[in-house]
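Here is what each chain is made of, one letter per residue.
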Amino acid sequence: MQSNRWLRRLLHVHIPGSARRTSSQSRNGHDDAVKARDERLYGGMKSLDIVLEDGGKAPWKSWKWHVWQGIAATFPALGIYVTAQYIESTHESKQNANDEDSHASTAVPLDQEEKKKKKKETARAEEDSNHLLARLEDRMNALEAQLESLRITKKQSEQEEKRLQ
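In this report, the structure presented in the accompanying data block is examined. Keep in mind it's a predicted model, so treat the numbers as computed, not measured.

Criteria and cut-off values
Residues numbered from 1 in each chain as written. Predicted model: local features only at pLDDT ≥ 70, side-chain atom pairs only at ≥ 80, totals over all residues. Heavy atoms only, no water. Helix = DSSP H or I, 4+ residues; strand = E, 2+ residues; numbered from the N terminus. Buried < 20%, exposed > 50% of the residue type's maximum accessible area, 1.4 Å probe, protein only. Contact = heavy atoms within 4.5 Å. Areas by Shrake-Rupley, 256 points an atom, 1.4 Å probe, with all protein chains shown as cover. Phe/Tyr/Trp six-rings, centres within 6.5 Å; stacked < 30°, edge-to-face > 60°. Patch = residues over 30% accessible without salt bridge, like charges linked within 9 Å, V, L, I, M, F, W, Y side chains within 5 Å. Salt bridge = Lys/Arg side-chain N within 4 Å of Asp/Glu carboxyl O.

## As for the overall build of the protein
Move 1: In terms of helices and strands, the protein carries seven helices and zero strands.
Move 2: Helices and strands in the protein line up, N terminus first, as α-α-α-α-α-α-α.
Move 3: When burial is assessed residue by residue, the protein has 8% of its 165 residues classed as buried.
Move 4: Long-range contacts, defined as pairs at least 24 residues apart, comprise 31% of the intrachain contacts of the protein with a sequence gap of at least 6.
Move 5: Total accessible area on the protein is roughly 14400 Å²; 58% of this is exposed by carbon and sulfur atoms.

What follows is the structure, given as structure tokens:
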């Protein structure tokens, strides 16, 4: 019983001998109804106390039993999931093998067409990149010219300041 005290405190369950409930809580009609039901059914023992008590005559009154049942309930779903993943992975590998076999039988005409398409695409890409490089080079030259003119004007202004001083 001592080992479950932290769980009872976490769930705000009344621990015998402690003054957890205030007078406003005891005035609540629902709380009184729950107390009366627990008293009538379990002789003052709370429902959570029944689940959390260690040992006992019935194994389903132990929290360990409830945890095990929760874990065991997930086994069928886990089995179905693992089976589906295995089937999907083997199906994909077989389908890939079938696609390669069907592609290999018609590979000669497709390869020539693909090579022509690739050559056209690379030529077009090279042309585009050369055009972009030429534009970049023109812009860089224009920027260098502007920087040079700024540098010259700055030198001239510094020389004029020296003359004036």
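## Observations concerning the packing of aromatic side chains
Move 1: Counting across every chain of the model gives one aromatic pair.
Move 2: Ring geometry for Trp68 versus Phe75: centroids 6.2 Å apart, planes at 70°, classification edge-to-face.

## Description of a nonpolar patch on the surface
Move 1: Together, Trp63, Val67, Trp68, Ile71, Phe75, Leu78, Tyr81 and Val82 line one region of the surface with nonpolar side chains, adding up to about 810 Å² of accessible area.
Move 2: For the nonpolar patch, the secondary structure elements donating two or more residues are helix H5 (63–73) and helix H6 (75–105).
Move 3: Here Phe75 lies in helix H6.
Move 4: What makes Phe75 partly exposed here is its relative accessible area of 43%.

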